[in-house]
Amino acid sequence: MVFGGGSREGGLVDPSKSYKAQPLPVFCINIPRIVEHTLEKLWCSPGNGVVLMLVVYLVNLRDLFIYPVLPPFKGIKLHFVASGPEGKPLMLFIHGFPEFWFSWRHQIKEFQKDYRVVALDTRGCGEAEKPSKLTEYSMDTLLSDIKITILALGYTSCVLVAHDWGVAISWTFCRYYPQMVDKFIVMNAPPLPVFEKMMRRKEQFKMSWYIYFSQLPYLPELYIRMKNFEALESCYGIKKTGGLCFSGAFNKPLPREELDAYMYIFSQQETLSASINYYRAILGAPVDAYDMTFTMPILVIWGCDDKAIHVTAVDDIKRALPQVTIERIEEAGHFVQMDTPEKVNRAMRAWLNKQA
């Protein structure tokens, strides 16, 4: 692996200056209504999850279609944004979907005086390189990325902070590399063994239909890109469209200039496909049913108005790990670190002070 990246010192990148709107292909803007209606039906109807799952496994679409890919290359270059004194302890942030390092802007500002804060663009996301094969998004590979990142930054351990997909990876990392995690802060995702059990319940299975839809080639990318990325606007609270996926995932909509940063990143076809490939790679892989033995202190911060993961996950985590600290934020949605950044930062700081 080639480790590389950028270190932007002394503050945050202004999305309105650092990102320029990228022209979108015409077919992504002017999609006939019948196609749009069909995509919305597939994407937004929880009951279709079973049908989509059967299609993926019985027809084996991965062998019949070719996913959008990049030319093959050796190694991979990861990208990160860093701030704070290099002599301070490392605080490493791992984002989820559909996100990149910018999702941690509020936490970078809050903790950059006390830690060497590093927000990573995980492989395939943001400005990191985009591997072409689904095997490049296996859990073992993602764990290796975090391990190599910590070591390449000159550290042997860190305070690990993660959200969504980043949490799924980080729970597993904490289990297998406990010596590299001093403290673990979780936001809105359970450990994979807990989530596997949750998926047996009707309410979570319905909420997870998008995982099965993501197995299809091309259609997820097409759906998200149509009507100038209206799905992203809906997800991040700019538009309340109702039918689109995760409408209202934010209770406090992002300012337009911040949404523009996400629009720029995901308007790149290779970024969108690579991000969805996380879901494509995980569903067919064997579940790593690791035991729930975690040695580091753990804080779970949960936005209770989550449209993707049922709030009962909090109780499931507490039953499996009685020693964890739980901080519920009732009015926050799935993207809790952006929806209620002040409350998240206060909860993090109070907990970290108690662990000192």
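Residues numbered from 1 in each chain as written. Predicted model: local features only at pLDDT ≥ 70, side-chain atom pairs only at ≥ 80, totals over all residues. Heavy atoms only, no water.

(A) Quick look at the packing of helix H11 (residues 219–235) against helix H13 (residues 269–283). Their axes nearest at 10 Å, the elements H11 and H13 cross at an angle of 140 degrees. Regarding the angle of H11 to H13, the classification is oblique. As for the relative orientation of H11 and H13, their crossing is right-handed in sense. Where H11 approaches H13, its residues Pro 220, Glu 221, Ile 224, Arg 225 and Phe 229 are matched on the opposing element by Gln 269, Leu 272, Ser 273, Ile 276 and Arg 280. For the contact of H11 with H13, the class distribution of residues is 5 nonpolar, 2 polar and 3 charged. (Axes fitted to C-alpha atoms, helices over the stretch in contact; angles between N-to-C directions. Helix = DSSP H or I, 4+ residues; strand = E, 2+ residues; numbered from the N terminus. Parallel < 35°, antiparallel > 145°, perpendicular 65-115°, else oblique. Left-handed = near helix turned anticlockwise from the far one by under 90°. Contact = heavy atoms within 4.5 Å. Nonpolar A, V, L, I, M, F, W, Y, C, P; charged D, E, K, R; others polar.)

(B) Summary view of the pairing of strand S3 (residues 116–121). Burial analysis of S3 places 6 of its 6 residues in the buried class, the great majority of the element. Alternating residues of S3 divide into Arg 116, Val 118 and Leu 120 and Val 117, Ala 119 and Asp 121, and every residue in both groups is buried. Of the pairings in the sheet, the one linking strand S1 (residues 79–83) to S3 comprises 5 bridges and is antiparallel in character. Bridging across to S3, Phe 80 finds its partner in Leu 120. As paired strands, strand S2 (residues 90–94) and S3 are joined by 5 bridges and run parallel to one another. Counted as the bridge partner of Met 91 is Val 117 from S3. Once the chain exits S2 it traverses helix H5 (residues 105–111) before rejoining the sheet at S3, and the crossover so formed is right-handed. (Buried < 20%, exposed > 50% of the residue type's maximum accessible area, 1.4 Å probe, protein only. Pairing = 2+ DSSP bridges. Right-handed = clockwise from strand over helix to strand, strands pointing away.)

(C) Inspection of the environment of Trp 209 at higher detail. Along the polypeptide, Trp 209 turns up in helix H10 (residues 209–213). C-alpha of Trp 209 to C-alpha of Ala 308: the two residues are 99 residues apart in sequence and 9.4 Å apart in space.

(D) Structural context of helix H7 (residues 165–176). Between its terminal C-alpha atoms H7 stretches 17 Å, which fits the 16 Å expected from 12 residues at 1.5 Å a residue. Counted residue by residue, H7 has 10 buried out of 12 residues, so it is predominantly covered. Buried residues of H7: Trp 165, Gly 166, Val 167, Ala 168, Ile 169, Ser 170, Trp 171, Thr 172, Phe 173 and Cys 174, and no others. (Expected span 1.5 Å × (residues − 1).)

(E) Expanded view of the packing of H11 against helix H12 (residues 256–266). With their axes 10 Å apart at the nearest point, H11 and H12 run at an angle of 125 degrees to one another. Considering the angle they form, H11 stands oblique to H12. The two elements H11 and H12 cross, and the hand of that crossing is right-handed. Between H11 and H12, the contacting residues are Arg 225, Asn 228, Phe 229, Leu 232 and Glu 233 on the first element and Arg 256, Leu 259, Tyr 262, Met 263 and Phe 266 on the second. Residues belonging to the contact of H11 with H12 are distributed by class as follows: 6 nonpolar, 1 polar and 3 charged.

(F) Inspection of the pairing of strand S4 (residues 158–163) at higher detail. Counted residue by residue, S4 has 6 buried out of 6 residues, so it is predominantly covered. Going residue by residue along S4, you find Cys 158, Leu 160 and Ala 162 tucked away on one face and Val 159, Val 161 and His 163 tucked away on the opposite face as well. Two elements, S2 and S4, share 4 bridges in a ladder whose sense is parallel. In the sheet register, Ile 94 faces S4, and the bridge partner there is Ala 162. With 6 bridges connecting them, S4 and strand S5 (residues 181–187) associate as parallel partners.

(G) Representation of helix H14 (residues 312–320) in the model. Along H14, the residues that are buried comprise Ala 313, Val 314, Asp 316 and Ile 317. Looking down the long axis of H14, one finds its buried residues gathered within 165 degrees of arc, a one-sided arrangement. Elements in contact with the buried residues of H14: H7, helix H8 (192–198), strand S6 (298–303) and strand S7 (325–329). (Arc of directions from axis to C-beta.)

(H) Layout of the sheet that holds S5. Strand order in the open sheet formed by 7 strands is S1-S3-S2-S4-S5-S6-S7, and the pairing between neighbours is mixed. Bordering the open sheet on either side are S1 and S7, each of which pairs with just one other strand. Averaged over all pairs of adjacent strands, the angle between their axes in this sheet comes to 15 degrees, without regard to strand direction. With respect to the sheet, H7 is in contact with S2, S4, S5 and S6, its orientation differing from that of S4 by roughly 140 degrees.

(I) Structural view of the nonpolar core. Core analysis: the largest hydrophobic core is formed by 105 residues, its most contacted members being Met 91, Leu 92, Trp 171, Phe 184, Ile 185, Ile 301 and Met 348. The residues touching Ile 301, leaving out its near neighbours within four places in the chain, are Ile 185, Val 186, Met 187, Asn 188, Glu 327, Ile 329, Val 336, Val 344, Ala 347 and Met 348. (Core = buried A, V, L, I, M, F, W, Y, C linked by side-chain atoms within 4.5 Å.)

(J) Examining the confidence of the model for the protein chain more closely. On average, residues of the protein chain score 78 in pLDDT, and 74% of them are at 70 or above. Scored below 50 in pLDDT, residues 1–74 makes 158 contacts in the model with residues more than four places away or belonging to other chains. (pLDDT = per-residue confidence, 0-100.)

(K) Inspection of the pattern of salt bridges at higher detail. A full pass over the atoms with the stated rule returns 14 salt bridges. In this structure, the salt-bridge partner of Arg 116 is Glu 86, at a minimum N-O distance of 3.7 Å. Linking Arg 116 in strand S3 with Glu 86 in the loop between S1 and S2, this pair joins segments that are 30 residues apart in sequence. Assessed through its relative accessible area of 61%, Glu 86 is described here as exposed. Counted as one network, the salt bridges with shared partners bring together Glu 110, Asp 114 and Arg 349. (Salt bridge = Lys/Arg side-chain N within 4 Å of Asp/Glu carboxyl O.)

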